[in-house]
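Reading the structure
One-letter residues, chain by chain:
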Amino acid sequence: MAQQTSEVQMVRPEAQPEQGLTVRAVVLALITLVGMCIFATYYGRNLMKSFLPVTALMPLVVWIGINTILKLTVPRLALTRTEVVSIFGIVWLVGTVPAIGWVGYLITDISAPAAFSSPENRFWDVVGPYMPTWLFMEPGDPVVEQLYVGLWPGESIPWEHWTVPLFWWFVGSLSLVMAGFFGSVLFYKQWLVNERLTFPLAMVPLELLKESEGSRVPDVFRNWVFWGGFACTAGVICWNIAGYYVLSLPRITVYDHWLTKAVDMGNTFPTIYLRIHPLMMGLSYLCPLNILMSFWFFTVVNACKLAVMNRTGFALGLQGQTAEPREVLMLEAHGAMVVLVIWSLWVARGHLKETLQKAFGEPRSKDDGVPVSYRTAWLGFVSAAVFFFGFLVSMGVSWSSAVVQMGLLFVVYFGVTKYAAATGYVFLAPQGEKGWHIMRSVYGTVNLQSQDLTGLMLVNRNMMAGSSSRMLSVPAIPHFFQLLGNGLRRSALVVGVLPLALLVAFVVACGFQIYRSYMEGGLGVAYMPDWNSMQKQVAIIEGSKPTFFDPELTLVWLLGGLEAGVLTFLGSRFAAWPVHPFGLAFPDHRLRYGYGIFLVWLTKTLILRFGGVGLYRRSLPFFYGIVVGYLFGVGLSSLVDGIWFPLNRHFVHGW
């Protein structure tokens, strides 16, 4: 415990200037996010793989460069440190809106059921009667056919046909985001002051912009260790970019796609991937050691579990609905995540009680919530939750199913948001999607009506605020507060910037996605995984392939919770306990990142053991350089591909 505390202290930023969010920063952020949405729609399809996409990080590097040049040439026009990080924070808040983050799926999901339903898949015959007409297109609408095959010469884009479904999907998703905003207000001080979470994803931009008194260049740019890390990533990617033109130049494959790093361990043992992901590894270096160890340790444990289950043919579940080995691990992980969320709420009970007292039981002058009062936060959170509940009921979901679904959503959103702030791990992927797999595997579909099943299926797809692994806005909100630092104060601008930025990004992303589909033919730019998944649910929704309450699978879910509870208890009782339940609750079931995290853990352990805190602090710029160099290389490769190789883009970033 003492080691974790010392790590928190040595990476906490110095006090920032007393400056809040400015109008200039908001305007520049809106301009930036418009460019980001356009770039992502056309060139960034593979750059949006997490809740902190590269398309949100690249503008940070650009603005740091622009501001450094301004300070050296025209200092009066230069932005302050808080303004630069505010621009990044605002872009990050809506970074997953375009393309594969949300809107690309949304446009396809609204129209695909009408376009691709057929007598063979029977989707519209079975599911169509339960699909809300105000959220989807209907079969036979010529607007749908034109979206996928393109317009004939002289035809215009039918914008008005998209207004109603897009409006309601935006409003429903906005209610989730605003619930996350007000919830973040309630928990922010608990996480920052009481639990002392490190917010690594906010630490990096703050450190990159730190300047000594009288200096016009960030300190890190004068550190040779930073440039060493920069060269390790930017140098490799730039070498490979040169290979785009000089075909005889051998490619350096160290950062290539995870599938190229496969190590086949035999017929029964799962394939392990020795993936080196600079962005993930550089940001994770600020993560506490026990969490780093937890991740790679449970990666090994889960690989062994899969091997044993595959070898022995071990299966759980009732006859006809037995769970595959990976589904068993999914249930175990979800149970662990539920316990971690419950434990977090229990730990925060004193703080939550205090916020309630300040909001409703004491004079308003003692309500010190920021950026809104605790009274506003509680009322806003309840109002957003009630609105979303009404949205679910309007979709046809029963009251009881809506309550369960909202509870499962809370677990997912809360778990990802808190542990993103604690770890800096950008590929957090909660198991069970947004709860659909849990309800189907444990509770059973036979107890739900077809209309319930349809509504729950739709909520769990990407069309509702994106997927659980590319979560819209919410994980970024407490980091945005941290970026503002001492400039975080009560301000209508801070509250209003989130819905404003979300609206601007949504309109721009939808506009360009629709425009591109009608102009080029949507079959070439559509995002079909959701539609493919929805077709597979026809048998479940019509009742011909129901699932029943399964005590064996429920036991696995409870066992995961028990394991997390035991590990949490041991960690709270023994300061030297090395294993955190994080790796159990957020596992790497595809075994893609355990190797990279192991290398980070090993490096950090050796540095702290043999060099102490001093060497650790001196090593930080190297990992900042790895991150910046990687972003520079990815941005340069994307620019080169967009200009010279638009039809044959090269892989440079992904899972």
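A brief report on the enclosed structure follows. (Residues numbered from 1 in each chain as written. Predicted model: local features only at pLDDT ≥ 70, side-chain atom pairs only at ≥ 80, totals over all residues. Heavy atoms only, no water.)

**Observations concerning the overall build of the chain**
Heads up, the condition is: Here a strand is any run of E in DSSP of at least two residues, a helix any run of H or I of at least four, and the numbering for each starts at the N terminus. The globule rule is 2.2 Å times the number of residues to the power 0.38, and the radius of gyration it is compared with is taken over C-alpha atoms. Relative accessible area decides the class of each residue, using a 1.4 Å probe on protein chains only: under 20% of the type maximum gives buried, over 50% gives exposed, and in between gives partly exposed. Throughout, a residue-residue contact means that at least one pair of heavy atoms, one from each residue, lies within 4.5 Å. The Shrake-Rupley method, run with a 1.4 Å probe, gives the accessible areas here. Residue values count only the displayed protein chains as cover.
A count of helical and extended segments in the chain gives 26 helices and two strands. Against the 2.2 N^0.38 benchmark of 26 Å for 655 residues, the chain shows a C-alpha radius of gyration of 25 Å, consistent with a compact globule. Counting every position in the chain, which comprises 655 residues, the buried fraction comes to 59%. Taking the contacts inside the chain whose residues are at least 6 apart along the sequence as the reference set, 82% of them involve residues at least 24 apart. Looking at the chain as shown, the accessible area adds up to about 25,900 Å², and 65% of this sits on carbon and sulfur atoms.

**Considering empty space enclosed by the protein**
Test applied: Each cavity reported here is a set of points on a 1 Å grid over the protein atoms alone in which a 1.4 Å probe fits but cannot get out, each pocket an open set with protein on both sides within 12 Å along at least five of seven lines, and each lining residue one with an atom within 4 Å of a point. Grid points are joined across faces, edges and corners, and a volume is the space filled by probe spheres set on the points. In this classification, Asp, Glu, Lys and Arg are treated as charged, Ala, Val, Leu, Ile, Met, Phe, Trp, Tyr, Cys and Pro as nonpolar, and every other residue, Gly included, as polar.
By the definition in use, this model includes five cavities of 30 Å³ or more. Taken as a whole, the largest cavity holds about 90 Å³ of empty space. Lining the largest cavity, in full, are Val 236, Ile 237, Asn 240, Tyr 244, Arg 251, Ile 252, Tyr 255, Asp 256, Tyr 630, Phe 651 and Val 652. Looking at side-chain class alone, the lining of the largest cavity contains eight nonpolar, one polar and two charged residues. In terms of lining, the second largest cavity is formed by 13 residues, of which the most central are Leu 57, Leu 60, Val 204, Val 627 and Leu 631. Contributions of two or more residues to the lining of the second largest cavity are made by helix H3 (54-73), helix H9 (200-208) and helix H26 (612-644). Looking at which element gives the most residues to the lining of the second largest cavity, the answer is H9, with four residues.

**Some remarks on the nonpolar core**
The criterion, for reference: Nine residue types can take part in a nonpolar core, namely buried Ala, Val, Leu, Ile, Met, Phe, Trp, Tyr and Cys, and a core is a set of them joined through side-chain atoms within 4.5 Å.
Membership of the largest hydrophobic core comes to 200 residues, with the highest contact counts inside it found for Trp 162 and Trp 169. Of the residues forming this core, the biggest block, 14 residues, is contributed by helix H8 (residues 163-194). Filtering out sequence-adjacent residues up to four positions away, Trp 169 remains in contact with Trp 102, Leu 106, Ile 110, Leu 135, Phe 136, Phe 391, Met 395, Met 463 and Met 464. Core analysis: the second largest hydrophobic core is formed by 12 residues, Met 330, Leu 331, Leu 553 and Val 556 among them.

**Regarding helix H18 (residues 450-459)**
In terms of burial, H18 is largely enclosed, as nine of its 10 residues are buried. Within H18 the residues assigned to the buried category are Ser 450, Asp 452, Leu 453, Thr 454, Gly 455, Leu 456, Met 457, Leu 458 and Val 459. Summarising the contacts, the buried residues of H18 are in contact with helix H6 (123-126), helix H15 (374-394), helix H16 (399-423), helix H17 (436-443), helix H21 (529-535) and helix H22 (538-542).

**Comments concerning the environment of Leu 316**
Its place among the elements puts Leu 316 in the loop between helix H12 (289-312) and helix H13 (325-347). Residues Leu 316 and Leu 553, 237 residues apart in the sequence, show an inter-C-alpha distance of 6.7 Å.

**Some remarks on the pattern of salt bridges**
The condition is simple: Basic side-chain nitrogens of Lys or Arg form a salt bridge, by our definition, when they fall within 4 Å of a carboxyl oxygen of Asp or Glu.
Within this structure, the stated rule accounts for 15 salt bridges. In this structure, Lys 210 and Glu 207 form a salt bridge, with 3.2 Å as the shortest nitrogen-oxygen distance. On the basis of relative accessible area, Lys 210 is assigned to the partly exposed category, the value being 26%. A relative accessible area of 15% means that Glu 207 is categorised as buried. A salt bridge links Arg 222 to Asp 219, with the nearest nitrogen and oxygen atoms 3.1 Å apart. Beyond isolated ion pairs, a larger network of salt bridges with shared partners links Lys 189, Glu 354, Lys 358 and Asp 368.

**Structural notes on the packing of helix H14 (residues 349-361) against H15**
For the record, the criterion: Orientation is described by axes fitted as lines to C-alpha atoms, over the contacting stretch for helices, and by angles from 0 to 180 degrees between their N-to-C directions. The labels follow the angle: roughly parallel below 35 degrees, roughly antiparallel above 145, roughly perpendicular from 65 to 115, and oblique for the rest.
Following both chains from N to C, one finds H14 and H15 inclined at 105 degrees, their axes separated by 7 Å at the closest point. The orientation of H14 relative to H15 falls into the category roughly perpendicular. Between H14, through His 351, Leu 352, Thr 355, Leu 356, Lys 358, Ala 359 and Phe 360, and H15, the contact on the second element is made entirely by Tyr 374, Arg 375, Trp 378 and Leu 379. When the residues that make up the contact of H14 with H15 are grouped by side-chain class, the tally is seven nonpolar, two polar and two charged.

**Points about a nonpolar patch on the surface**
Put simply, the test is: Note that patches include only residues with greater than 30% relative accessible area and no salt bridge, and the join distances are 9 Å for like charges and 5 Å for nonpolar side chains (Val, Leu, Ile, Met, Phe, Trp, Tyr).
Nonpolar side chains collect at one region of the surface, where Tyr 245, Val 246, Leu 639, Ile 643 and Trp 644 lie side by side and expose about 540 Å² of accessible area between them. Per-element accounting of the nonpolar patch gives the leading share, three residues, to H26. Tracing the chain through its elements places Leu 639 in helix H26. Here Leu 639 falls in the partly exposed class, since its relative accessible area comes to 48%.

**A short note on the state of the cysteines**
We apply this condition: Note on disulfides: each one is a pair of cysteine sulfur atoms within 2.5 Å.
Applying the stated criterion across every chain, the model contains zero disulfides. With no disulfide of its own, Cys 37 lies 9.4 Å from the sulfur of Cys 510, the closest cysteine sulfur.

**Considerations on unusual backbone geometry**
Cis geometry is adopted by the peptide bond preceding Pro 371, which originates at Val 370 and carries an omega value of 0 degrees. Secondary-structure assignment places Pro 371 in the loop between H14 and H15. At Ala 465, a position not held by glycine, the phi torsion is positive, near 60 degrees.

**As for the environment of Met 534**
With respect to the secondary-structure elements, Met 534 resides in helix H21. With 29 residues separating them in the primary sequence, Met 534 and Ala 505 have C-alpha atoms 27 Å apart. Met 534 has contacts with Asp 109, Pro 113, Phe 123, Met 457, Leu 458, Arg 461 and Met 463, leaving out every residue within four places of it along the chain.

**A look at the side chain of His 351**
Along the polypeptide, His 351 turns up in helix H14. By relative accessible area, which is 8% here, His 351 ends up buried. Residues within four places of His 351 in sequence aside, it is in contact with Leu 186, Phe 187, Lys 189, Gln 190, Asn 194 and Tyr 374.

**Some words on the packing of aromatic side chains**
Heads up, the condition is: A pair of aromatic rings is counted whenever rings of Phe, Tyr or Trp (Trp by its six-membered ring) have centres within 6.5 Å, and the orientation is called stacked for planes under 30 degrees apart, edge-to-face for over 60 and tilted otherwise.
A complete count under the given rule lists 51 aromatic pairs for this structure. Ring centres of Tyr 42 and Phe 512 lie 6.4 Å apart, and the angle between their planes is 80 degrees; this geometry places the pair in the edge-to-face category. Taken together, the residues Tyr 42 in helix H2 (residues 23-43) and Phe 512 in helix H20 (residues 492-520) connect sequence positions 470 residues apart. Overall, the relative accessible area of 17% leaves Tyr 42 in the buried class. Between the aromatic rings of Tyr 245 and Phe 645, the centroid separation amounts to 5.5 Å while the plane-to-plane angle is 55 degrees, which identifies the pairing as tilted. A residue pair is termed long-range when its members are at least 10 positions apart, and Tyr 245 in helix H10 (residues 224-245) and Phe 645 in the segment after H26 qualify at 400 residues. Among the residues examined, Phe 645 registers a relative accessible area of 17% and is labelled buried.

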